[in-house]
Amino acid sequence: MIALENHKADLVSFFRSQPLAVLATHYHGQPYGSLVAFAASQDLKHLVFSTTRSTRKFANLSADPRVAMVIDNRSNHPSDLRFARAVTATGRAEEISKDAPEGFLAAYLDKHPHMEDFVSSPSCALVAIRVEVYYLVTRFQNVVEIHLT
């Protein structure tokens with residue numbers, strides 16, 4: 001088993017460099033993808049994003065908290081086949097208090113200060129994914145699996 005500590009500094013740097021991610025949820029077996037602004041907790045055990053409670057993604061994750069989030073650095077050029085990198089995180093999502101002592105809101109707003117008004121809205125939920133596994137993919141074939149649980 002590969003330890004998170006072996007890749008932690010690299011993942012922290014990668015996650016800081018990418019403002020957006022694709023969140024995958026599902027409802028009755030039908031997958032659904034959403035672009036979200038995300039942040040990672042310092043220990044990388046959680047990924048955080050915000051959404052209004054009226055969205056399809058929020059309804060989906062409320063029905064089944066199992067989700068995946070893909071963070072990548074593709075540029076949509078042919079060179080991506082050799083140089084793009086993607087990290088898929090799988091885990092369970094839940095709405096968390098904006099006052100949670102873990103500092104998730106501060107980490108999120110530190111990365112996305114332009115989202116403060118949105119996150120402050122009563123209709124907005126702050127959601128944390130408790131990451132179970134990270135899949136790091138480079139060169140489309142090199143896969144490293146990191147289990148956190």
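Our structure is the block above this text.
## Section: the nonpolar core
Piece 1. Of all hydrophobic cores here, the largest spans 27 residues; its most connected members are Leu 11, Phe 15, Leu 47, Met 69, Ile 129 and Tyr 134.
Piece 2. Elements represented by at least two residues in this core include exactly helix H1 (8-17), strand S1 (20-27), strand S2 (30-40), strand S3 (46-52), helix H2 (56-63), strand S4 (66-72), strand S5 (85-96) and strand S6 (124-138).
Piece 3. Counting residues per element, this core draws most heavily on S6, at 6 residues.
Piece 4. The contacts of Met 69, once residues within four sequence positions are left out, are Ala 21, Val 22, Leu 23, Val 36, Phe 38, Leu 47, Phe 49, Val 87, Thr 88, Ala 89 and Ile 129.

## Description of the packing of aromatic side chains
Both the distance between ring centres and the angle between the ring planes are used here to describe each pair of aromatic rings.
Piece 1. Counted according to the given criterion, the structure contains 3 aromatic pairs.
Piece 2. Ring centres of Phe 15 and Phe 38 lie 5.9 Å apart, and the angle between their planes is 85 degrees; on these two criteria the pair is classed as edge-to-face. Here Phe 15, found in helix H1, pairs with Phe 38, found in strand S2; they are 23 residues apart in sequence, far enough to count as distant.
Piece 3. With a centroid separation of 5.8 Å and an interplanar angle of 45 degrees, the aromatic rings of Phe 15 and Tyr 134 are classed as tilted. Taken together, the positions of Phe 15 in helix H1 and Tyr 134 in strand S6 put the pair 119 residues apart, joining distant regions of the chain.
Piece 4. Judged by relative accessible area, Phe 15 falls into the buried class, the value being 2%.
Piece 5. By relative accessible area, which is 0% here, Tyr 134 ends up buried.
Piece 6. The positively charged end of Arg 85 is found above the aromatic ring belonging to Phe 14, 4.7 Å away from the centroid.
Piece 7. One residue, Lys 111, lies across the ring of Phe 38, its end atom 3.7 Å from the ring centre.

## Concerning a nonpolar patch on the surface
Piece 1. Taken together, the side chains of Leu 20, Val 22, Leu 35 and Val 70 present a nonpolar region at the surface, about 310 Å² in accessible area.
Piece 2. On the secondary structure map, Leu 20 appears in strand S1.

## Observations concerning the side chain of Ser 41
Piece 1. Relative to the elements of secondary structure, Ser 41 occurs in the loop between S2 and S3.
Piece 2. Beyond its immediate stretch of four places on either side in the chain, Ser 41 contacts His 46 and Phe 104.

## A closer look at the pairing of S4
Piece 1. Burial analysis of S4 places 5 of its 7 residues in the buried class, the great majority of the element.
Piece 2. Relative to S5, S4 is paired through 7 bridges, and the arrangement is antiparallel. If you follow Ile 71 over to S5, its bridge partner there is Val 87.

## Focus: the pairing of S5
Piece 1. Here S5 runs beside S6; their pairing, made up of 12 bridges, is antiparallel. Paired with Ala 86 across the bridge in S6 is Val 137.

## Considerations on unusual backbone geometry
Piece 1. One non-glycine residue, Leu 44, lies in the positive phi region at around 65 degrees.
Piece 2. Structurally, Leu 44 is set in the loop between S2 and S3.
Piece 3. When its relative accessible area of 1% is taken as the criterion, Leu 44 is described as buried.

## A few points about the pattern of salt bridges
Pairing between side chains of opposite charge can happen when the charged atoms of each approach one another.
Piece 1. With the rule as written, the count across this model stands at 5 salt bridges.
Piece 2. With a shortest N-O distance of 2.4 Å, Asp 72 and Arg 74 are connected by a salt bridge.
Piece 3. On the accessibility criterion, Asp 72 (17% relative accessible area) is buried.
Piece 4. The exposure class assigned to Arg 74 is partly exposed, which follows from its relative accessible area of 47%.

The rules behind each value
- Residues numbered from 1 in each chain as written.
- Predicted model: local features only at pLDDT ≥ 70, side-chain atom pairs only at ≥ 80, totals over all residues.
- Heavy atoms only, no water.
- Core = buried A, V, L, I, M, F, W, Y, C linked by side-chain atoms within 4.5 Å.
- Buried < 20%, exposed > 50% of the residue type's maximum accessible area, 1.4 Å probe, protein only.
- Helix = DSSP H or I, 4+ residues; strand = E, 2+ residues; numbered from the N terminus.
- Contact = heavy atoms within 4.5 Å.
- Phe/Tyr/Trp six-rings, centres within 6.5 Å; stacked < 30°, edge-to-face > 60°.
- Lys NZ or Arg CZ within 6 Å of the ring centre and 35° of its normal.
- Patch = residues over 30% accessible without salt bridge, like charges linked within 9 Å, V, L, I, M, F, W, Y side chains within 5 Å.
- Areas by Shrake-Rupley, 256 points an atom, 1.4 Å probe, with all protein chains shown as cover.
- Salt bridge = Lys/Arg side-chain N within 4 Å of Asp/Glu carboxyl O.
- Pairing = 2+ DSSP bridges.

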